[in-house]
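Observations on the three-dimensional arrangement
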Amino acid sequence: MMGILGTKKNGIDLLDQETVEEKLGVFQSMLQELPSKSLQLAIKVLIAILLLVVGIQIIKLIRKLVKKALTRGHADVGVVQFLDSAVKTILYVLLFFMILNNFGIQTTSIVAVLASAGVAVGLALQGSLSNLAGGVLILLLKPFRVGDYIIEDSHKNEGTVTEVSLFYTKLQTIDNKIVVLPNGTLANTSLTNVTASGKRRVDLLFGIAYGADIDHAKEVLLDIMNRAEHVMDEEPKQVFVDKLDASEVTIGVRCYVPTQFYWDVRWYITEQVKKRFDEERIEIPFNQLDVHVREK
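Below is a short write-up of the structure. These numbers were taken from a predicted model, which means no experiment stands behind them.

Here is what the cut-offs are and how they apply
Residues numbered from 1 in each chain as written. Predicted model: local features only at pLDDT ≥ 70, side-chain atom pairs only at ≥ 80, totals over all residues. Heavy atoms only, no water. Helix = DSSP H or I, 4+ residues; strand = E, 2+ residues; numbered from the N terminus. Contact = heavy atoms within 4.5 Å. Pairing = 2+ DSSP bridges. Axes fitted to C-alpha atoms, helices over the stretch in contact; angles between N-to-C directions. Salt bridge = Lys/Arg side-chain N within 4 Å of Asp/Glu carboxyl O. Buried < 20%, exposed > 50% of the residue type's maximum accessible area, 1.4 Å probe, protein only. Expected span 1.5 Å × (residues − 1). Arc of directions from axis to C-beta. 1 Å grid on protein atoms, 1.4 Å probe; cavity = no way out; pocket = protein on both sides within 12 Å on 5 of 7 lines; lining within 4 Å. Points joined across faces, edges and corners; volume = space filled by probe spheres on them. Nonpolar A, V, L, I, M, F, W, Y, C, P; charged D, E, K, R; others polar.

Along the protein, the regular secondary structure elements total eight helices and eight strands. At a minimum sequence separation of 6, the contacts of the protein that also span at least 24 residues come to 64%.

See the structure below:
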């Protein structure tokens, strides 16, 4: 019995010894290969950095050339911005795949995985794809251009269009804030383009007392419009009685001005009406409260 046990024990020791020697051999070979593999990895990292730096510079050059070509072709600013954004995205994706290839990662397998997961990716990116399609529609249908002042009717966002990019449109508000709106939203909602036309009509209403001379008030209002700078003389100017309210006669004023001077003319006429009505003694009614005190 002791002889048999001793043999088994020796057999186990021999197996353990062989396993240890095998592992030591693998470890030694790894140590021997470590310098060469480290050098290869370092070279790949340096090549990747070089690809990244050179690639970024080439992308900048291509974008510059595309912008120049589009500008020389008198393309719309929004088209230039949109195509520039598209070219930038495509080139950076290509650069990313080139760097992956440098590390031995097969990009074809990545593309195959993305293709097989197309439905899931499509659902995940459906908002972005909607914005991309919206940007294309905006550029094709041109409901607005860069430089136009628009009002988005759904959420009442408004401002001057400063950029139409691949997925978003940027508006600059009057108080110098930047509003970023998805292209999909703008393409699928109603909006008002305030500056699409070169001229705009100024509509104002003023109230005078029932005891005031209506004809004289209309003459004063017409004179104010004739004196106002930027009012277009070739377009009709109108002064009319709009309605008879409970405590005043409402007189309307209409004239046309170049779009960029709309607010200047509106503010000027409003100020001059107050001054001239005071000079001409034309009463402007206002709410009054009569207090009666009774003594017991």
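So, about the sheet that holds strand 1 (residues 149-152). Spatially, 4-3-2-1-5 is the arrangement adopted by the five strands of the open sheet, whose pairing is antiparallel. With partners counted over all chains shown, the strands left at the sheet margins are strand 4 (178-182) and strand 5 (191-193), one partner each. Adjacent strand axes in the sheet meet at a mean angle of 40°, parallel and antiparallel pairs treated alike. Where strand 1 lies against strand 5, three bridges are found, and the strand directions are antiparallel.

Before going further, it helps to spend a moment on the pattern of salt bridges. The full count for this structure, using the stated rule, is 12 salt bridges. Here Glu-235 and Lys-199 are joined by a salt bridge, their closest N and O atoms 2.7 Å apart. One end of the pair, Glu-235, is in the loop between helix 7 (214-227) and strand 7 (238-244); the other, Lys-199, is in strand 6 (residues 199-208), and 36 residues separate them in sequence. Residue Lys-199 is classed as partly exposed on the basis of its relative accessible area, which comes to 35%. The closest approach of N and O atoms between Arg-276 and Asp-223, which form a salt bridge, is 2.9 Å. In this pair, Arg-276 is assigned in helix 8 (residues 262-279) and Asp-223 in helix 7, connecting sequence segments 53 residues apart. A relative accessible area of 24% means that Asp-223 is categorised as partly exposed. One salt-bridge network, in which partners are shared between bridges, spans Arg-63, Lys-67 and Asp-84.

End to end, helix 7 covers 20 Å across 14 residues, agreeing with the expected 20 Å (1.5 Å per residue, within 8%). Buried within helix 7 we find Ala-217, Val-220, Leu-221, Ile-224 and Met-225. One face of helix 7 carries all of its buried residues, which in axial projection span an arc of 135°. Turned more than 90 degrees off the buried face of helix 7, the exposed positions are Asp-215, Glu-219 and Arg-227. Buried residues belonging to helix 7 abut strand 6, strand 7, strand 8 (249-258) and helix 8.

This next bit is on the layout of surface pockets. The volume enclosed by the largest pocket comes to roughly 220 Å³. Lining the largest pocket are Tyr-149, Ile-151, Glu-158, Ile-174, Val-194, Thr-195, Arg-200, Thr-259, Tyr-262 and Trp-263. Elements that contribute at least two residues to the lining of the largest pocket include exactly strand 1 and helix 8. Of the residues assigned to the lining of the largest pocket, the class counts are six nonpolar, two polar and two charged. Roughly 150 Å³ of volume is contained in the second largest pocket. What lines the second largest pocket is simply Ala-86, Thr-89, Ile-90, Val-93, Leu-132 and Leu-166. For the lining of the second largest pocket, the element with the highest residue contribution is helix 2 (residues 77-102), accounting for four residues.

What follows deals with the sheet that holds strand 7. Taken together, the three strands give an open sheet; going across it, the order is 6-8-7, and neighbouring strands pair in antiparallel fashion. Edge positions in the sheet fall to strand 6 and strand 7, since each of these pairs with one other strand and no more. The sheet shows a mean angle of 25° between the axes of neighbouring strands, direction not considered. Pairing geometry for strand 6 and strand 8, over 10 bridges, is antiparallel. Bridge pairing in strand 8 links Gly-207 to Thr-250. Strand contacts of helix 7: strand 6, strand 7 and strand 8, with the helix running at about 15° to strand 8, the strand carrying the most contacts. Here helix 8 sits on the sheet in contact with strand 6 and strand 8, set at roughly 20° to strand 6.

Just geometry here; none of it tells us what the structure is for.
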